[in-house]
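Chain by chain, the residues:
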Amino acid sequence: MLTGRRILLIIGGGIAAFKSLDLIRRLRERGAAVTPVLTPAGAEFVTPLSASALAGTKVYRDLFDLTDEAEMGHIELSRSADLVVVAPATADLMAKMAAGLANDLASTLLLATDKAVLAAPAMNVRMWEHAATQRNVATLRGDGILFVGPDEGDMACGEYGPGRMAEPLAIVAAIEAALAAGPLAGRRVIVTSGPTHEPIDPVRYIANRSSGAQGSAIAGALAALGAEVVFVTGPASAPMPAGVQIVAVETAREMQAAVASALPADAAVFAAAVADWRMAAASDHKIKKDGTGSLPVLEFAENPDILAGVSQMAEGRPVLVVGFAAETDDVIANATAKRKRKGCDWILANDVSPVTGIMGGSENAVTLISESGAETWPRMSKAEVATRLAARIAEALA
Ligand code: CTP
């Protein structure tokens, strides 16, 4: 609940602005007071009247509105909130924030505020991926700006990719996490999750049975403790966690690149079931039967070990690196050796023998292996494992 919390909501100019109206409604349902600020471009997409009607309050628009200055100066406006939310955060607005410009009401408020700022980026995929935008995002992260999204998907402009504004409920979850100021507030954690798909040809791939359920639960539990979570996920069937930045990938090599660009981080949890091998050379056309009955021969190459790579970084290594070990025999001995070999701090070992029903099930039985030994947790739901692990991570980073 957000009872009594005050949100200053800056609505930038993008087609996603219509979702900000729903966001206002969702925040008010939870008891928050929302003060909307419309940029001139934002006002092209939603009317001040609708924002004001939904918020039940005045909408601020102009830096030089004398009535506003008489009622409440822009400095006061920027500080009277508990949290400043920018949704949609357009490429232009983020560029202004990164450069410290203050040439209109929204950018002035963002420069003057002494409160946490949460941005929900929304833009065309090419604009999001542009080096300038990525540079600005890195600068803003360095300044302590929190992010939720963008999501990947079909865009209003007809293209597909990352750039779509996070859904209102995901923004609400990120707002709750930011305001909860949990023990992981201000900490950045990367979580990998799900299987990877390794293409054989354009229509076939190698995969595994990971659902991504444990990884999703861990990411959600970390966000609930206030962490800024980058969730790098392969094609998983489990629902995506709320309040995290989702980076969807397919192959192990894409996952490795996504992790590299999400660094630096305070901690990283490698829950993904990464394919150990890929095709040495995936075919760029569909492999056909040749009519002679001869069978195709698949030649494999080893994928990079993402966990080992991050664990052994010479510079900029996260303080805490956590891996998983799915074992069927000698669980503790194998996982203890795996921790040493990979160089991570903790390994969560689980027995995935079919009789346990863990792979694809809703429960997990894990042993936490660290430098100081092995600690076996009772069998519990994957959500409880996640909550317990998140609490341990918070303790370790405190
Ligand atoms: N991992 C990774 N990159 C890989 C392979 C694995 O990051 N290419 C991570 C997984 O996310 C997990 C841990 O390493 O945290 C599991 O290690 P792995 O060596 O794959 O162990 P298992 O899957 O348990 O199997 P094996 O017994 O084959 O070593």
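Residues numbered from 1 in each chain as written. Predicted model: local features only at pLDDT ≥ 70, side-chain atom pairs only at ≥ 80, totals over all residues. Heavy atoms only, no water.

Judged by nonpolar contacts, the single largest core of 34 residues is most densely connected at Leu27, Val85, Ile171 and Ile175. Elements represented by at least two residues in this core include exactly strand 1 (6-11), helix 1 (17-29), strand 2 (33-38), helix 3 (48-55), strand 3 (83-89), strand 4 (116-121) and helix 10 (168-180). Ranked by residues supplied to this core, first place goes to helix 10 with six residues. Other than its neighbours up to four places away in sequence, Ile171 contacts Leu23, Val85, Ala87, Leu118, Ala120, Val148, Met165 and Ala166. (Core = buried A, V, L, I, M, F, W, Y, C linked by side-chain atoms within 4.5 Å. Buried < 20%, exposed > 50% of the residue type's maximum accessible area, 1.4 Å probe, protein only. Helix = DSSP H or I, 4+ residues; strand = E, 2+ residues; numbered from the N terminus. Contact = heavy atoms within 4.5 Å.)

On to the site of the ligand. As a matter of local geometry, the ligand sits amid 14 residues, with Phe270, Ala272, Pro304, Phe324 and Lys338 nearest to it. Between Ile306 and the ligand, the recorded distance is 3.0 Å, taken from a backbone N or O atom to a nitrogen atom. Within the backbone of Leu307, an N or O atom sits 2.8 Å from an oxygen atom of the ligand. Calculation on the ligand without its partners gives an accessible area of 580 Å², and the protein chains cover 78% of this total. Residues belonging to the shell around the ligand are distributed by class as follows: nine nonpolar, one polar and four charged. (Near = heavy atom within 4 Å. Polar contact = N/O pair within 3.5 Å; in protein donor to acceptor, adjacent residues only side chain to side chain. Areas by Shrake-Rupley, 256 points an atom, 1.4 Å probe, with all protein chains shown as cover. Nonpolar A, V, L, I, M, F, W, Y, C, P; charged D, E, K, R; others polar.)

So, on to the environment of Arg25. Its location among the elements puts Arg25 in helix 1. Since its relative accessible area comes to 37%, Arg25 is described here as partly exposed. It is 25 Å that separates the C-alpha atoms of Arg25 and Ala227, two residues lying 202 residues apart in sequence. Polar side-chain contacts of Arg25 include one of 2.9 Å to the side chain of Asp22.

Running from N to C, helix 1 and helix 3 point in directions that differ by 10°, and their axes come no closer than 9 Å. Relative to helix 3, helix 1 is oriented roughly parallel. The residues of helix 3 that touch helix 1, namely those facing Leu21, Ile24, Arg25 and Arg28, are Ser50, Ala51, Leu54 and Ala55. (Axes fitted to C-alpha atoms, helices over the stretch in contact; angles between N-to-C directions. Parallel < 35°, antiparallel > 145°, perpendicular 65-115°, else oblique.)

This part is about a nonpolar patch on the surface. Residues Ile15, Phe18 and Phe45 make up a contiguous nonpolar surface patch of about 330 Å² in total accessible area. Within the secondary structure, Phe18 sits in helix 1. (Patch = residues over 30% accessible without salt bridge, like charges linked within 9 Å, V, L, I, M, F, W, Y side chains within 5 Å. Salt bridge = Lys/Arg side-chain N within 4 Å of Asp/Glu carboxyl O.)

In this section: the domain arrangement of the protein chain. Per the domain assignment, the segments of the protein chain are domain 1 (6-179) and domain 2 (188-397). Centre-to-centre separation of domain 1 and domain 2, based on C-alpha positions: 33 Å. Buried area between domain 1 and domain 2, both sides added, is near 830 Å², and the carbon and sulfur share of it is 49%. Between domain 1 and domain 2 we count one salt bridge in total. A salt bridge links Arg141 to Glu228, with the shortest nitrogen-to-oxygen separation between them at 3.0 Å. (Domains from an automatic or database assignment. Buried area = accessible area lost by both parts, 1.4 Å probe.)

With a probe scaled to a water molecule rolled over the atoms, the places where space remains empty come into view. Applying the stated criterion across every chain yields a total of two cavities of 30 Å³ or more. Looking at the largest cavity, its volume works out to about 110 Å³. What lines the largest cavity is a set of 13 residues, among which Phe147, Ala174, Ala227, Glu228 and Gly243 lie closest to the centre. Those elements that place two or more of their residues in the lining of the largest cavity are strand 5 (146-147), helix 10 and strand 11 (228-233). (1 Å grid on protein atoms, 1.4 Å probe; cavity = no way out; pocket = protein on both sides within 12 Å on 5 of 7 lines; lining within 4 Å. Points joined across faces, edges and corners; volume = space filled by probe spheres on them.)

Quick look at the pattern of salt bridges now. Applying the stated rule across the entire model yields 23 salt bridges. For the salt bridge of Asp82 with Arg6, the shortest nitrogen-to-oxygen distance reads 3.0 Å. One end of the pair, Asp82, is in the loop between helix 5 (74-79) and strand 3; the other, Arg6, is in strand 1, and 76 residues separate them in sequence. Relative accessible area serves as the criterion here: at 41%, Arg6 is assigned to the partly exposed category. Arg30 is the salt-bridge partner of Glu29, the closest N and O atoms lying 3.6 Å from each other. Connected through salt bridges with shared partners, the residues Asp22, Arg25, Arg26, Glu29, Arg30 and Glu176 form a single ionic network.

With parallel pairing, the five strands of this open sheet are ordered in space as 2-1-3-4-5. In this open sheet, the two edge strands, each paired with only one partner strand, are strand 2 and strand 5. The sheet contact formed by strand 4 and strand 5 spans two bridges and is parallel. Bridged to Leu118 within strand 5 is Leu146. Running over the sheet, helix 10 touches strand 1, strand 3, strand 4 and strand 5 and is turned about 155° from strand 3. (Pairing = 2+ DSSP bridges.)

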